[in-house]
Amino acid sequence: MTYQGGYAAPYQPPVDSRYAPVVAPRPKRTTPRLGRVALVLAIGAFVLAAVPLWFAGHSAGRRSA
């Protein structure tokens, strides 16, 4: 027997149709909580970065004019 260089198909265990509802995974419930927290943190980071930069740019503009 010679090696042909191919790969075997991934293994899938046999499933009896009588037990299919028991074996099937239940989908996880998802909530938008994580997205809301991320949005609030992003807005906070924007404000914390924008205010000092505005003050620095404003003072640099007043000195150059």
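Note: the structure precedes this text.
**Comments concerning the overall build of the protein**
Okay, step 1: Scanning the protein for helices and strands turns up two helices and zero strands.
Okay, step 2: When the accessible surface of the protein is totalled, it reaches about 7000 Å², and 67% of it is carbon and sulfur.

**Brief notes about the packing of aromatic side chains**
Okay, step 1: Enumeration according to the criterion identifies one aromatic pair in this entry.
Okay, step 2: Note on Trp-54 and Phe-55: the rings are 5.0 Å apart at their centroids and 70° apart in plane angle, and the pair reads as edge-to-face. The residues Trp-54 and Phe-55 share a single accessibility class, namely exposed.

**Some details on a nonpolar patch on the surface**
Okay, step 1: A surface patch of nonpolar side chains, about 760 Å² in accessible area, is lined by Leu-39, Ile-43, Phe-46, Val-47, Val-51, Trp-54 and Phe-55.
Okay, step 2: Note that Phe-46 resides in helix H2 (residues 33-64).
Okay, step 3: Of the residues examined, Phe-46 reaches a relative accessible area of 61% and is grouped as exposed.

What counts as what
- Residues numbered from 1 in each chain as written.
- Predicted model: local features only at pLDDT ≥ 70, side-chain atom pairs only at ≥ 80, totals over all residues.
- Heavy atoms only, no water.
- Helix = DSSP H or I, 4+ residues; strand = E, 2+ residues; numbered from the N terminus.
- Areas by Shrake-Rupley, 256 points an atom, 1.4 Å probe, with all protein chains shown as cover.
- Phe/Tyr/Trp six-rings, centres within 6.5 Å; stacked < 30°, edge-to-face > 60°.
- Buried < 20%, exposed > 50% of the residue type's maximum accessible area, 1.4 Å probe, protein only.
- Patch = residues over 30% accessible without salt bridge, like charges linked within 9 Å, V, L, I, M, F, W, Y side chains within 5 Å.
- Salt bridge = Lys/Arg side-chain N within 4 Å of Asp/Glu carboxyl O.

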